[in-house]
Every structure is written in structure tokens, then in C-alpha cells.
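Descriptive analysis of the structure
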Amino acid sequence: MMNSDTLERLQTTPKVKSKPFVETAAFKQLKESMGKIVPPIVIMSILLLIWEIMCSGEGARLPGPSKVISDTWELITNPFYNNGGSDVGMAWQILASLERVAMGYSLAVVVGVALGVLVGQSTWALRGLDPLFQVLRTVPPLAWLPLSLAGFQDGNPSAIFVIFITAIWPIIINTSVGIRNIPEDYRNVSRVIQHNGIEYFWKIMLPAAAPYIFSGLRIGVGLSWLAIVAAEMLIGGVGIGFFIWDAWNSSLISDIVLALVYVGIVGFILDRCVAWVGNKITRGTSAA
Amino acid sequence: MSDRFLSISQVQMRFERNGIVNPVLKDINLEVNRGEYISLIGHSGCGKSTVLNIIAGLLTASEGVVIVDNREVNAPGPDRALVFQNHSLLPWLTVYQNVELAVEKIFKGKKSKKEQREWILHNLDMVNMSHALDRLPSEISGGMKQRVGIARALAMEPKVLLLDEPFGALDALTRAHLQDEVMRIQNELKNTVVMITHDVDEAVLLSDRIVMMTNGPSATIGQILDIDLPRPRDRLALADDPTYNHYRHEVLSFLHEKQRKVESIGKLRQQKKAGDKQTASA
């Protein structure tokens, strides 16, 4: 039972405990960064642990992370070695693949954007070309390989063609959508200013369609990277895809795992690069 | 040379689609003097924007002719600058660059780079946007965007300034601000202006003449009202002015009594009842 004395004492005692130290701005920022870094690290660690446990028994067919690292230590630490032919370090393999992607993708960008603009601007061209696009784009990239090998009679141009034919469809489609979605008001502004066709194209049409075009470019670069790894498994030579297939033939499973990790990281970097360029050029305007 | 700066003569407008003809405008005749401020007012869908687009040259009239400064109009051009309802600023260009886009094309060869720059800055200053030259449209408010749109139109040194419900997308306070700005600019530059609006107060406050359109289809000019109020006009003082209120009443009466757009629902119910009774007794 409370009497007035106890009540008074309770009322005068401060209820709030004072903090041990003042949270500075730097401390708050540190807390926020940790909030972003800690969850992925925790998840990654848990998954690596599960993987290690599942693959550590005697009859395990796949290596756990510790075995992968110990087997491929030389590959990891020496990415630039060159023993001639296709026995070269991981960096050279990846660079060879990237070179093919660069050539095929650049071609796809030029031709794709051009066709996309054509189809976006001209209803006649749209009606004529669209059925062809819709059918051809469903053909899987590797299915083009035998045909291009027959045509080019050489592995390298065939691989580049496969990249080209894989990346071009999202670029064409996204570009034409972007062109068709230019608000009529922009067109009217251009007409009042009396832009000629070329000025309209460079100053209004391309910048207005740029967010869409870059969406297509991002998808295209991702598909290119997927296609090259698959194509190289079939055509050989120097490249990360060939490396994977060769490692399989030599039962070097750990090498395969390492290669997959590298492939994933490079794919991620490629996507980010295109996104960054897109963001710079469109100044952050998103697709309307 | 006549003082008729803008002349719209027997303009008819029909839209055709799949064989169905939609007559939008009929017998539009209007003479506008140099320096006059005209408001075009009417119910939604009566073709006001169509008239403006025909003057701007974005649409070609089915019949009839539009003459600006003794020249026939049949294509868009900077001499009839347009301020759109949704600002239509290009989102990847800054405020300065949006006006520059128009100036660098229109004054290529006529003004030096330095003169162009000064002209752009002058026009942006006129709409009080000098503090935001390097901002993107996504970084400024609706009222500011509309101001830039006006600056862009003014920078074209138009013979006729066309405003398509320029303040429709803004809140009432911003609208009042911009109306005062437009009045101030008009006082200085004495442009010939044709403005579309829904707002009766705006029309009476800003214009020299109000052109009231009938309802569509085949909309035509119903009545033209001369606004004989001295300038400069102060909205607060005019709120109690009997002449101002008389003009307001005229416009409202035209819009709501003479051109009633929606049939009264009571009348419709009566008609339906009468119809039902007939079929029942048949």
C-alpha cells in the first residue's frame, strides 16, 4: 500500500537513465554501415558452413569451400601465369571471354539501337520486322552456334556472332518501346522550336528514350555473359567457359567451383558498369 | 497596315477516324489586336485546346485560315510560342538548358553566344528563376516548372504567346502568384496573348477580352466580353469592385445558364417515367 511518503519519493526520482555516451554523427553512420554489412556476412557465413558440412564426408562428390580453396590456391594467387596455349591464368581466361563479349555486344548495341529506332519510328517497319524479331528471339543462344560455325568456319567469330544474336533482342525491343513512348508534348516542343529531323533525333528522341535503351543494354550485357560461357564450352580456345569444360574433363571439380565464383562476380560487375553509365547519361531520369 | 495582329477566319475543324466524322469546331472567327490579352473559356471538351493548337500550327484546320502579322499560319513556329498545361520541360536538361534549347536553335546566327546567354538569363530572371539555373525539373516544384515553361516561351520572342491552361495543374496559392507574375510581365512586354482557362476569376482578372465558347460538338464562339477594367489590376481591390463582379456574373451566366452541359437528372427521370407509362399502357 502506497502512503504519501513513498509516492513523493517515486515522483522525485528521475525515471530516465542517462546514456553512457553521446551518439555522434560518425557513430550513427558507423551503425548504419554495420547494419548493411552485417546481414550479408552472417548469411554468407551460415551458407558456407552448411556447404562445408554437407561436402566434408568421405563419399562427397562435390568439394566444400575449404577443399576448393586448398585445391585452387595456385590459381587464385597466380592469375596471370602463362604456360602457353590454353594453359593460362584465370585472369587471362576471363579477359579472353570479355574480349569476345565486348566485340559481340558492341555490334549488338550499334545494330540493335539502330533497328530499335527504325522500328520505333516507322509503323511500316514495325509491322514488317516485328514478326521476325518475335520468332528469332525465342531461339536459344547455343542453337545458333552450329549455324554460325558452319558459316564462319572458325570458333572465334562464331562465338562473337552468338553473343551478337543473343544481346540484340532486348536492345531492339527496349529501344523501340522507348522511342514509341516519347510524350507527345516533347514532340510539340520540338515542332514549335522548329528542329529539323537530325536535331530532333539527337536532342530530344535519343535522350528521351535513353532510360529505356539502357534497360535493354543492361539486360543485353547479362545475356551476353551467359551466352559466352556456354558457347566457349563448345568451341574451346582460351576463355572461362572453355576452362570450366576442360576442368570437368580433367575432374578438377574445385577448379569449376572457383570459375563459377569468378563468372558470377564478373557478371555482376558488368551489369553495374552499364547501370552506372546509364545513370550518368540519363542524369537519373527513369523510364517515364 | 491593320491593327489586327491575329486573325482567325471561318475556321472549321473536323476529326475523322474510320469514316466517322467528329465536327469539333464550326465558324470560328476572331480578330485580335496587337498587345491584347484574350482568354478562351468554355466547358471541357468544347474545343478550346483545338483552337489554340490551330493557332500554334500544331493542327491544320479543315477549313478556314489563321493569319498572324499578315502571314498565313500553317506550321508550328517560335513566333507563336506555346506554354503547355504540363510544363513539358525536358527532364534530362537543367532549367537553364531547357531555355537554352529553344534559344540556341531560334537565335542561331542572329545572336552571339554571349548575347544568347544574357538573353536566357534575362528571361529566367523575368520569371524569378535565377536562383535555380542548374536544377533539374525533378528538383523543382510545379509552380517553378511552369515558370520555366513561361520563360522558355518568352525567350522565343513570340508574336503571339499561347497559354494552354497554364496554371491548371497548380494549387490556388501558386496560381495566384503566377497570375500576378504574368500580369507584371505583360505590363512590361505588351505581348499579344491567347490564354485558355477554366477559371472565371483568372479570365476576368487577366484579360482585355473574354471569348466564351459554346459546347461541343460543332462548338463556336458564343459571346465575346470586353473587360473594361483599368490596369494594373489588383485582385484584392477588385474583389469588391462592382464592375469586376458584373463581368464575373456575365461569364458565369454564359457558362452555367446558357450553356448548361449536363441535363438535370430530375428531367431525365420524368422522361423515363413517361416512357415507362406509355409502354405499360401499350
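So, a few notes on the structure that sits alongside this text. Sequence order sets the numbering: in each chain, residues are counted from 1 along the sequence as written. All chains are assigned letters beginning with A, and all ligands numbers beginning with 1, in the order in which they are written. With pLDDT at 70 or above as the cut-off, local features in this predicted model cover only qualifying residues; side-chain atom pairs require 80 or more to be listed or tallied, and sums for whole chains, interfaces and linings still use all residues. As a rule here, side-chain values cover all heavy atoms of the structure and leave hydrogens and water aside.

Time to look at the interface of chain A and chain B. For an interface, size is often stated in terms of accessible area lost upon the parts coming together. Any two residues whose heavy atoms approach within 4.5 Å are treated as being in contact. Contact with chain A, which involves 18 residues of that partner, is made by 27 residues of chain B. By convention, the term buried area covers the 1.4 Å-probe accessible surface removed from two parts as they join, with the contributions of both added. When the area that chain A buries against chain B is broken down by residue, the three leading residues are Val-192, Ile-193 and Arg-283 of chain A, summing to 33%. By definition, a salt bridge exists where a carboxyl oxygen of Asp or Glu is found within 4 Å of a side-chain nitrogen of Lys or Arg. Here chain A and chain B share two salt bridges between them. The closest approach of N and O atoms between Lys-105 of chain B and Glu-199 of chain A, which form a salt bridge, is 3.0 Å.

Paired through backbone hydrogen bonds, the strands of a sheet run either parallel or antiparallel to each other. Residue and element names in this part refer to chain B. Taken in spatial order, the six strands line up as E6-E7-E8-E3-E9-E10 in an open sheet, and their pairing is mixed. Of all strands in the sheet, those with a lone pairing partner are strand E6 (80-83) and strand E10 (221-226), marking the two edges. Geometrically, the sheet is characterised by an average inter-axis angle of 20° between neighbouring strands, direction not taken into account. When DSSP finds two or more bridges between two strands, those strands count as paired. Numbered from the N terminus, helices here are DSSP runs of H or I no shorter than four residues, and strands are runs of E no shorter than two. Both strand E3 (residues 37-41) and strand E8 (residues 192-197) contribute to a ladder of five bridges, which runs parallel. Paired with Leu-40 across the strands is Ile-196, a residue of E8. Fitting a line to C-alpha atoms yields each axis, with helices limited to the stretch in contact; the angle taken between N-to-C directions then spans 0 to 180 degrees.

Residue and element names in this part refer to chain B. Counted according to the given criterion, the structure contains 18 salt bridges over all chains. In this structure, Asp-180 engages Arg-235 in a salt bridge whose closest nitrogen and oxygen atoms are separated by 3.1 Å. In this pair, Asp-180 is assigned in helix H5 (residues 172-189) and Arg-235 in helix H7 (residues 235-238), connecting sequence segments 55 residues apart. Residue exposure (1.4 Å probe, protein chains only): buried if accessible area is under 20% of the type maximum, exposed if over 50%, otherwise partly exposed. You can call Asp-180 partly exposed: its relative accessible area is 37%. You can call Arg-235 partly exposed: its relative accessible area is 29%. Residues joined in a network through salt bridges with shared partners are Arg-34, Asp-69 and Lys-159.

Turning our attention to the environment of Ser-176 of chain A. Residues and elements named next belong to chain A. Among the structural elements, Ser-176 can be located in helix H8 (residues 155-180). Residue Ser-176 is classed as buried on the basis of its relative accessible area, which comes to 11%. Spatially, the C-alpha atoms of Ser-176 and Ser-190 are 20 Å apart, while their sequence positions differ by 14 residues. Setting aside its immediate chain neighbours within four residues, Ser-176 contacts Gly-116, Val-119 and Gly-120.

When two rings of Phe, Tyr or Trp (its six-membered ring) have centres within 6.5 Å they constitute a pair, described as stacked for plane angles under 30 degrees, edge-to-face for angles over 60, and tilted for the intermediate range. The final tally for this structure, using the stated rule, is eight aromatic pairs over all chains. Between the aromatic rings of Trp-144 of chain A and Phe-161 of chain A, the centroid separation amounts to 6.1 Å while the plane-to-plane angle is 75°, which identifies the pairing as edge-to-face. Highlighted residues: Trp-144 of chain A in helix H7 (residues 144-152) and Phe-161 of chain A in helix H8, separated in sequence by 17 residues. Their ring planes at 80° and their centres at 6.0 Å tell us that Tyr-186 of chain A and Trp-92 of chain B sit as a pair that is edge-to-face. Taken together, the residues span two chains, with Tyr-186 of chain A in helix H9 (residues 184-193) and Trp-92 of chain B in the loop between E6 and helix H2 (95-106). Here Tyr-186 of chain A matches Trp-92 of chain B in class, with each residue buried. The structure contains a cluster of three or more aromatic residues connected by ring pairs, namely Trp-144, Phe-152, Phe-161 and Phe-164 of chain A. Sitting above the plane of the Phe-107 of chain B ring, Lys-111 of chain B keeps its charged end 4.8 Å from the centroid. Counting as a charge over the ring demands two things of the Lys NZ or Arg CZ atom: a distance within 6 Å of the ring centre and an angle within 35 degrees of the ring normal.

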